[in-house]
Amino acid sequence: EEENLEVEEEEDDGGAGVGSPDSFPPRVPGAIQGTLLPRLPSEPGMTLLTIRIEKIGLKDAGQCIDPYVTVSVKDINGIDLTPVQDTPMASRKEDTYVHFNVEIEIQKHVEKLTKGAAIFFEFKHYKPKKRFTSTKCFAFMEMDEIKAGQIVIEL
């Protein structure tokens, strides 16, 4: 089920003033190339974490416009522990899958993340009728779920 987390304001004056849909850019700036950050320098005894997002399965995958994933690491109170990163837009859409094939470098060593931290993945896409980017679904991984190799997480 889709939930829009954005608040739309009513258009009063019929113009393109602040708050009216016509004043917003048609797409999220930077969505094409994403906002991925480079790998951290390695430190002795510290573990770096790289997450590869291969694909997301959705029944209406082919209808998503400019899809991308926002990745954030949050503590137990929902406070960001690292900079939020956006993947580039999906590389392709095929059947019920949106393909990304992109690696995200988590910007903190695993040992330095607080107890209860989790990595969040928000799947976002552009809605032309409403002229904004919507979060269609999300998933998260708690630190005890992180392991080497492939893993499938539920949206």
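Criteria and cut-off values
Every residue gets a number counted from 1 within its own chain, in the order that chain's sequence is written. Given that the model is predicted, a residue must reach a pLDDT of at least 70 before its local features are reported, and side-chain atom pairs must reach 80 or more before they are shown or counted; all residues, however, enter totals for whole chains, interfaces and linings. To obtain the side-chain values, all non-hydrogen atoms of the structure were used and water was disregarded. A score from 0 to 100, pLDDT tells how confident the predictor is in each residue. Throughout, a contact is declared for two residues whenever any of their heavy atoms are within 4.5 Å. Buried Ala, Val, Leu, Ile, Met, Phe, Trp, Tyr and Cys residues that are joined via side-chain atoms within 4.5 Å together make up what is termed a nonpolar core. For the exposure calls, accessible area comes from a 1.4 Å probe over protein chains only, and a residue counts as buried if that area is under 20% of its type's maximum, exposed if over 50%, partly exposed in between. Each helix is a run of H or I in the DSSP string that is no shorter than four residues. Each strand is a run of E no shorter than two, and both are numbered from the N terminus. DSSP calls a pair of strands paired once it identifies at least 2 bridges connecting them. Only protein atoms enter the calculation, which uses a 1 Å grid: trapped sets of points that fit a 1.4 Å probe without letting it out are cavities, open sets showing protein on both sides within 12 Å along at least five of seven lines are pockets, and any residue with an atom within 4 Å of a point is a lining residue. Grid points are joined across faces, edges and corners, and a volume is the space filled by probe spheres set on the points. Put simply, Ala, Val, Leu, Ile, Met, Phe, Trp, Tyr, Cys and Pro go in the nonpolar bin, Asp, Glu, Lys and Arg in the charged bin, and everything else, Gly too, in the polar bin. Only Phe, Tyr and Trp rings are paired, with Trp represented by its six-membered ring, and only when their centres lie within 6.5 Å; those with planes under 30 degrees apart are stacked, over 60 edge-to-face, the remainder tilted. Should the NZ of a Lys or the CZ of an Arg lie within 6 Å of a ring centre and within 35 degrees of the ring normal, that charge is described as sitting over the ring.

Here's the deal with the confidence of the model for the chain
Here is step 1: Chain-level statistics for the chain give a pLDDT mean of 84 and a share of 80% at 70 or above.
Here is step 2: The low-confidence segment residues 1-26 (pLDDT under 50) makes 31 contacts with residues lying over four places distant or belonging to another chain.

A short note on the nonpolar core
Nonpolar side chains tend to gather and get buried jointly when the protein is soluble and globular.
Here is step 1: Of all hydrophobic cores here, the largest spans 24 residues; its most connected members are Phe 100 and Phe 123.
Here is step 2: Those elements that provide at least two residues to this core are strand S1 (50-57), strand S2 (65-74), strand S5 (97-105), strand S6 (118-127) and strand S7 (132-142).
Here is step 3: No other element matches the four residues that S5 contributes to this core.
Here is step 4: In this structure, Phe 123 is in contact with Ile 56, Leu 58, Cys 64, Pro 67, Tyr 68, Val 69, Val 98, Phe 100, Ser 134, Thr 135, Lys 136 and Cys 137, ignoring residues within four places of it in sequence.

Re the pairing of S5
Here is step 1: Sheet topology places S1 next to S5; seven bridges connect them, and they run antiparallel. If you follow Thr 50 over to S5, its bridge partner there is Glu 105.
Here is step 2: Here strand S4 (residues 92-94) hands over to S5 after two residues, with Asp 95 in that stretch at a positive phi of 55 degrees.

Points about the layout of surface pockets
Here is step 1: Reported here for the largest pocket is a volume of approximately 780 Å³.
Here is step 2: For the lining of the largest pocket, the secondary-structure elements that each account for two or more residues are S1, S6 and S7.
Here is step 3: Ranked by residues supplied to the lining of the largest pocket, first place goes to S1 with eight residues.
Here is step 4: Residues belonging to the lining of the largest pocket are distributed by class as follows: 16 nonpolar, four polar and five charged.

Focus on the packing of aromatic side chains
Here is step 1: A full pass over the atoms with the stated rule returns two aromatic pairs.
Here is step 2: Their ring planes at 80 degrees and their centres at 6.3 Å tell us that Phe 100 and Phe 123 sit as a pair that is edge-to-face. Taken together, the residues Phe 100 in strand S5 and Phe 123 in strand S6 connect sequence positions 23 residues apart.
Here is step 3: Classification of Phe 100 by relative accessible area gives buried; the value is 6%.
Here is step 4: On the accessibility criterion, Phe 123 (1% relative accessible area) is buried.
Here is step 5: The residue whose ring lies beneath Lys 55 is Tyr 97, and the NZ or CZ to ring-centre distance is 4.3 Å.

What about unusual backbone geometry?
Here is step 1: You will see that Asp 66, though not glycine, has its phi angle at about 50 degrees, which is positive.
Here is step 2: Inspection of the secondary structure puts Asp 66 in strand S2.
Here is step 3: Within the chain, Arg 131 stands out as a residue other than glycine whose phi angle is a positive 60 degrees.
Here is step 4: Tracing the backbone shows Arg 131 in the loop between S6 and S7.
Here is step 5: Relative accessible area serves as the criterion here: at 36%, Arg 131 is assigned to the partly exposed category.

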